[in-house]
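# Summary of structural features
The lines below spell out each chain.
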Amino acid sequence: MRDTPFTDHEGRIGPPDSRVYPRFMGPATFARLPRIDEVADWDVAIVGAPFDIGTSYRPGARFGPIGIRNGARTLRNWHPDLELHPFGSQQVVDAGDIPCSVYIIDDAVRSIEEAATELTQGSKRIVTLGGDHTIAFPLLRVAHQRHGPVALLHFDAHVDTYDTYMSAAYTHGTPFRRAAEEGLFSREHSMHVGIRGSKYGPEDLAEDAGFGFVVLGTWEVESIGIDGYVTRIRERLADMPIYLSIDIDVLDPAFAPATGTPEIGGFTSRELVGILRGLRGVHLVGADVVEVAPVYDHADITGIAAANLVYEILALMSP
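Just so it is clear, the structure is predicted and the values come from calculations on it, not from any experiment. (Residues numbered from 1 in each chain as written. Predicted model: local features only at pLDDT ≥ 70, side-chain atom pairs only at ≥ 80, totals over all residues. Heavy atoms only, no water.)

So, about the overall build of the protein. Of the regular secondary structure elements, the protein holds eight helices and 10 strands. On C-alpha atoms alone, the protein measures out to a radius of gyration of 18 Å, which is about the 20 Å that the 2.2 N^0.38 rule sets for 319 residues. By its C-alpha atoms, the protein is 55 × 45 × 40 Å across when sized along the principal axes. Buried positions account for 57% of the 319 residues belonging to the protein. (Helix = DSSP H or I, 4+ residues; strand = E, 2+ residues; numbered from the N terminus. Rg over C-alpha atoms; globule rule 2.2 N^0.38 Å. Buried < 20%, exposed > 50% of the residue type's maximum accessible area, 1.4 Å probe, protein only.)

With parallel pairing, eight strands are arranged side by side in an open sheet as 4-3-5-10-9-6-7-8. Both outer strands of the open sheet, strand 4 (92-97) and strand 8 (214-217), are each paired with one neighbouring strand and no more. With strand direction ignored, the average angle separating the axes of adjacent strands in the sheet is 15 degrees. Bridge analysis of strand 6 (residues 151-155) against strand 7 (residues 191-195) gives three bridges, and the strand direction is parallel. The residue of strand 7 that forms the bridge with Leu 153 is Met 191. (Pairing = 2+ DSSP bridges. Axes fitted to C-alpha atoms, helices over the stretch in contact; angles between N-to-C directions.)

With respect to the element layout, Asp 204 can be found in helix 5 (residues 203-210). Buried charge without a partner: Asp 204 forms no salt bridge, and the closest opposite charge is Lys 199, 6.7 Å away. Within the structure, Asp 204 has its side chain in polar contact with the side chain of Tyr 162 (distance 3.0 Å). Ignoring any residue separated from it by four or fewer positions in sequence, one finds Asp 204 in contact with Tyr 162 and Lys 199. (Lys, Arg positive; Asp, Glu negative; His and termini not counted. Salt bridge = Lys/Arg side-chain N within 4 Å of Asp/Glu carboxyl O. Polar contact = N/O pair within 3.5 Å; in protein donor to acceptor, adjacent residues only side chain to side chain. Contact = heavy atoms within 4.5 Å.)

As a volume, the largest pocket reaches approximately 300 Å³. His 158, Tyr 162, Tyr 165, Tyr 200 and Thr 261 are, among the 20 residues lining the largest pocket, the residues nearest its centre. Each residue belonging to the lining of the largest pocket can be placed in one class, and the counts come to five nonpolar, seven polar and eight charged. In this structure, the second largest pocket spans a volume of roughly 180 Å³. What lines the second largest pocket is a set of 17 residues, and nearest its centre among them are Thr 120, Lys 124, Arg 125, His 147 and Val 285. Secondary structure elements with two or more residues in the lining of the second largest pocket: strand 5 (125-130), helix 3 (136-147) and strand 10 (284-290). With five residues, the single largest contributor to the lining of the second largest pocket is helix 3. Residues of the lining of the second largest pocket, tallied by class, amount to eight nonpolar, six polar and three charged. (1 Å grid on protein atoms, 1.4 Å probe; cavity = no way out; pocket = protein on both sides within 12 Å on 5 of 7 lines; lining within 4 Å. Points joined across faces, edges and corners; volume = space filled by probe spheres on them. Nonpolar A, V, L, I, M, F, W, Y, C, P; charged D, E, K, R; others polar.)

Bear in mind that shape data such as this cannot, by itself, settle questions of function.
Next comes the structure, spelled out in structure tokens:
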């Protein structure tokens, strides 16, 4: 039973008011939003891709959608800093999870692409809850089908442009090399933000640059600040349609311990949220938040962080 949902003047259904219907009650959807089958029409769908057999270190991101949805119970209807209503200016729904294989990577990639293709018919947009970063590849295929080569804005500790891991072409460390090979993103307008940590060799970043990526790490935050990041990102993206991919390990492990390949020296949650808010007005056509592995979490720190990043993404998508 869906008690006391928020409904705006145009009939859009949002989360229940937690002053009346406590957060620990109600449906297990993202922010207790309506399911996709509970509304006549919708603008943005939250969808899970519970897949993690592309991981190279710690598994567990298959439970990421559950953890992020649980963390989303803390969200409210009004965004006071941007002065907008992420759930009221657009109808947001929860489309459940994509039933993707947990045994055969190729089958999972195909299932995610097919489901995303169906969900994005017309002008619909999706925000996908990972799962490991492998899922970004089929999602970029669909974004390219809809919009042509997109500007890829990638927040991550790692570049994810390696060729193979143990002879596997589709892994969480290879999605953007596969995407580059298929011409899915614009090489003139794409960038990595938050890259840090040790590498296999100097060729890692050299090969990555060959795919057109500009790299902006985390250490620069001390010198250029949040405004400097926003300026550089906006200059790189220009007015392109943008696909946003956020690996939760872009945050420092102090703010997101529950992830497969943690790296010290990441952004604080406040820094990352500040950068995202600075991108208000960009043409965001799709997004994912990946690599949340709740088994390593404490007090839902990572799940809550990821849920709030999704909230900021919905704010960016708000008209």
